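An overview of the molecular structure
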Amino acid sequence: MEQTTLRPTAEQRYADELAALAHWDRDNPKPENWQLSPRAVRLFILGTPKGQPLEQDGAPVTIRKKYYGNDALVERCIITLAGNRGLMLVGEPGTAKTMLSELLSAAISGCSTNTVQGTAGTTEDMIKYSWNYALLLAKGPSREALVPSPLYVGMEKGILTRFEEITRTPAEVQDCLISVLSDKVMNIPELGDRGLLFAHPGFNIIGTANTRDKGVNEMSSALKRRFSFETVQPVGDVALEKRIILDEVGAMAQSAGISAPLDEDAATLLATTYHELRQGISAEGMRLKKPAAVMSTAEAVSVYYQTLMSAWYYGGPEQARHLDERALAENLAGAVAKESREELAAVREYFSTIVQKKAEREGGAWRRFYEAGMRLK
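Each value, and the rule that gives it
Residues numbered from 1 in each chain as written. Predicted model: local features only at pLDDT ≥ 70, side-chain atom pairs only at ≥ 80, totals over all residues. Heavy atoms only, no water. Helix = DSSP H or I, 4+ residues; strand = E, 2+ residues; numbered from the N terminus. Buried < 20%, exposed > 50% of the residue type's maximum accessible area, 1.4 Å probe, protein only. Contact = heavy atoms within 4.5 Å. Salt bridge = Lys/Arg side-chain N within 4 Å of Asp/Glu carboxyl O.

**Considerations on unusual backbone geometry**
In this model, Asn 33 sits at a positive phi of 70°, which is unusual for a non-glycine residue. Relative to the assigned elements, Asn 33 resides in the loop between helix H2 (15-24) and helix H3 (38-46). You can call Asn 33 partly exposed: its relative accessible area is 39%. Unusually for a residue other than glycine, Lys 184 sits at a positive phi of about 55°. Looking at where Lys 184 falls in the secondary structure, it is placed in the loop between helix H10 (177-183) and strand S8 (185-187).

**Thoughts on the environment of Gly 154**
Relative to the helices and strands, Gly 154 is located in helix H8 (residues 150-157). Spatially, the C-alpha atom of Gly 154 lies 10.0 Å from that of Pro 201, the residues being 47 residues apart in sequence. Every residue in contact with Gly 154, bar those within four places of it in the chain, is listed here: Asn 114, Ile 159, Thr 161 and Phe 203.

**Describing the pattern of salt bridges**
It is possible for side chains of opposite charge to pair when their charged atoms get near one another. Counting across every chain of the model gives 19 salt bridges. Taking the shortest distance from any N to any O, the salt bridge between Asp 71 and Lys 65 comes out at 3.1 Å. Relative accessible area serves as the criterion here: at 30%, Asp 71 is assigned to the partly exposed category. The residue Glu 330 makes a salt bridge to Arg 326 at a minimum N-O spacing of 3.3 Å. On the criterion of helical spacing, the pair formed by Glu 330 and Arg 326 is a turn pair, its members being four residues apart in helix H15 (residues 325-336). Note on Glu 330: relative accessible area 41%, which makes it partly exposed. Several salt bridges converge on common partners, so that one network encompasses Glu 276, Glu 284, Lys 358, Arg 361 and Glu 362.

Below, the structure written as structure tokens:
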């Protein structure tokens, strides 16, 4: 049977860096059951300072920066997870909350996949445990018949449990976390005297919450007190947003076996467009109509990757050397029009004013981008 290639987990993608840090990290203090010390976790996420690589067996090892945000926020997150309170990352869609959660889990626990995905249909047994009913009927309540869910696994192994989009989960289901975070114990009444699971050291919860879901399933005050909240802000710098787009798409392309070179001009077009539409103001100070759609860096990465794949699969050798601005404009329009076709009005206005001026002033890729945008329907 042909095997399917899956996108590697964070700990698989960065195995060499994690191994180098573990070797370097032997003398640093760390909480019980952590794979790396807080100092090494910080280095893993924020990278080694320029010109100061680590040394492993006499050879320099550079740890690249993986999270482009507030460095102090990352430091606070690490310290929170070393304590008794859970960590809640909140922010707009696409602000790399999930990426930060994955990186923290990979470095601290060596596992980034112990995850609950919050939805309107998430139930308590999806978070804690359920039963194999065939074994339950045959042998009665036992550990063998119990099907552990991510929270149970985290407590039993002493690793982090990630809870994505917690505020999409019904409030009464969210509250099953209160006793776990307060006492670090889970009660399984069906197991009688053996039904208390005490969390091993190293266990904690990282939650994420989307600010656009505010007011849908508000967390109770009791549950909020069990978390330290950190707000993840959108990327505020065009050059940095361009760098993130290129880095992320490069990693995705490598994983998919796509060897087409990355077009820096296309990344500049996209980073500038997303930044200006998100802010509602151009670099020249002109006010813009802001789309209601999510104009996040994560969406920009998706648009660029779609355009790269178009060049790779549909273009010949010559066309594959650069991204087609027509495909870039069409993929941008498709991303903005997810909620409503009416959102395209903001994109057309942006092309007919801001992009036109950039095309007249700079020509080249901006000129081709403008011509492609004006053909959008």
